[in-house]
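For reference, the chains in residue letters:
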Amino acid sequence: MSNELAEKQFCSQSFSHWEAELTLGFAPRGSKTALVNRTHRGPLTVQRPFYPEGGVCHVYLLHPPGGVVSGDQLSITATVEPDAQALITTPAAGKFYRSGGGEARQTVNLTVAENASLEWLPQETIVYEGARLNSSMNIDLAEHARFIGWEILALGRPAAGEGFDNGAATLSWRISRAGRMVYMERLHLDAEAFKARWGLFGHSACGTLFVYPATPLQLAAVQALIGEETNRGVTLIEGLLICRGLDLRADFLKVFFEGVWGLVRGDVIGKEVCLPRIWAT
């Protein structure tokens, strides 16, 4: 059976709604960061930690059902204790299948303590035509915390001839530092926004990358990387670097974000880029 046919059958069946929760805690243990807390309820878990670059703890999020349907609710909470360093990613793209009218929800809460670092680098999220996604990201940073995170969204499946004539994705970001909110955004994407000049103008992939703390030097470096390339942008607000991009393909956008990551990681995290091994599989 082809993957496309299997996905169509998956979408057409009736399922019980999943309510899944995952809580992770990271703390320094000797020369490494350890995953000291891992609790879950429902089909949301992680593989064992990996250490491809020494002390930084790499963790892969797993959602065994392989996709999210209307009515599903996923909740992920991660806390990084002082001086710990963690990187969280996913083994494959997330998939939100078309809805019969209900909404699928995903909530992510990330807390990073003093002198700790967290990199939130999931692979792209594919929102199928007709899907309804509500995603909320809440990031609480200590004054001297370090954070790099991105979200890459693919609306429809252009390679399969699927656009985004129906459905909606609502994305919310809330970032606070030392208990004070420094950034809040709510983005609603539907068929109109997908096509409009003021929206995505037919670009199926969109993404946002955040870096904290950042300086004008990093801003200038990313601006130089962008050069004259269209559909790319970057700004700096109170030490928070915000980089955005549109593209016709999510993998092209991910390559661009990886380039930005490569420019800033040494200064922010204190280490050169080390690609998660799962990205190569």
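Everything below is about the structure shown above.
Computed from a prediction, not measured in an experiment: that's the story for all the values here.

Residues Ala104, Gln106, Val108, Leu110 and Val112 of strand E8 (residues 104-112) are buried on one face, while the alternating residues Arg105, Thr107, Asn109 and Thr111, pointing to the opposite face, are not. Here strand E5 (residues 73-80) runs beside E8; their pairing, made up of eight bridges, is parallel. Residue pairing across strands places Thr77 opposite Asn109, the latter belonging to E8. As judged from the nine bridges shared by E8 and strand E11 (residues 132-141), these two strands associate in the parallel manner. Residue pairing across strands places Asn109 opposite Asn138, the latter belonging to E11.

Moving on: the layout of surface pockets. Within this model, the largest pocket holds a volume of roughly 460 Å³. The wall of the largest pocket is formed by 25 residues, among which His63, Thr90, Ala92, Gly94 and Gln106 lie closest to the centre. Secondary-structure elements contributing two or more residues to the lining of the largest pocket are strand E4 (57-62), E5, strand E7 (94-96), E8 and strand E12 (146-155). Looking at the lining of the largest pocket, the element that brings in the most residues is E7, giving three residues.

Under the counting rule described, the total for this entry stands at 14 salt bridges. Salt-bridge contacts for Glu119 lead to Arg265; the nearest nitrogen and oxygen are separated by 2.6 Å. With Glu119 in strand E9 (residues 117-120) and Arg265 in helix H4 (residues 250-268), this pair connects stretches of sequence that are 146 residues apart. Taken as a pair, Glu119 and Arg265 share a single burial class, namely buried. Taking the shortest distance from any N to any O, the salt bridge between Glu162 and Arg157 comes out at 3.3 Å. According to the relative accessible area criterion, Glu162 is buried, its value standing at 14%. On the basis of relative accessible area, Arg157 is assigned to the buried category, the value being 15%. The network of salt bridges with common partners includes Glu143, Arg177, Arg180 and Glu238.

What follows is about the environment of Val182. Mapped onto the elements of the fold, Val182 is located in strand E14 (residues 180-190). Taking the C-alpha atoms as reference, Val182 lies 22 Å from Gln223; in sequence the two are 41 residues apart. If sequence neighbours within four positions are ignored, Val182 has contacts with Ile175, Ser176, Arg177 and Glu238.

As a further point, take the state of the cysteines. Considering all chains together, one arrives at zero disulfides under this definition. Looking at the unpaired Cys57, the closest cysteine sulfur is the one in Cys274, lying at 13 Å. Here Cys243 is not disulfide-linked; the sulfur of Cys206 is the nearest cysteine sulfur, at 13 Å.

Relative to the assigned elements, Ser117 resides in strand E9. Look at Ser117 and you get buried, because its relative accessible area is 1%. Not counting the four nearest positions on each side in its chain, Ser117 is found in contact with Val80, Ala84, Gln85, Ala86, Val112, Arg146 and Ile269.

The rules behind the values
- The residue count restarts for each chain, going from 1 along the sequence in the order it is written.
- Reporting of local features is limited, given that this is a predicted model, to residues whose pLDDT is at least 70; pairs of side-chain atoms are given and counted only at 80 or more, and all residues count toward the totals for whole chains, interfaces and linings.
- Side-chain numbers come from the whole structure's heavy atoms, not from hydrogens or water.
- Relative accessibility thresholds used throughout: buried, under 20% of the residue-type maximum; exposed, over 50%; partly exposed, between the two (1.4 Å probe, protein chains only).
- The helix count covers DSSP runs of H or I at least four residues long, the strand count covers runs of E at least two residues long, and both are numbered beginning at the N terminus.
- Between any two strands, pairing holds if DSSP finds at least two bridges.
- Definitions used throughout: a 1 Å grid over protein atoms alone; a cavity as a set of points that fits a 1.4 Å probe which cannot get out; a pocket as an open set with protein on both sides within 12 Å along at least five of seven lines; a lining residue as one with an atom within 4 Å of a point.
- Grid points are joined across faces, edges and corners, and a volume is the space filled by probe spheres set on the points.
- Here, a salt bridge means any side-chain nitrogen of Lys or Arg that lies within 4 Å of a carboxyl oxygen of Asp or Glu.
- Note on definitions: a residue-residue contact is assigned when non-hydrogen atoms from the two residues lie within 4.5 Å.
- The disulfide criterion is simple: two cysteine sulfur atoms within 2.5 Å.

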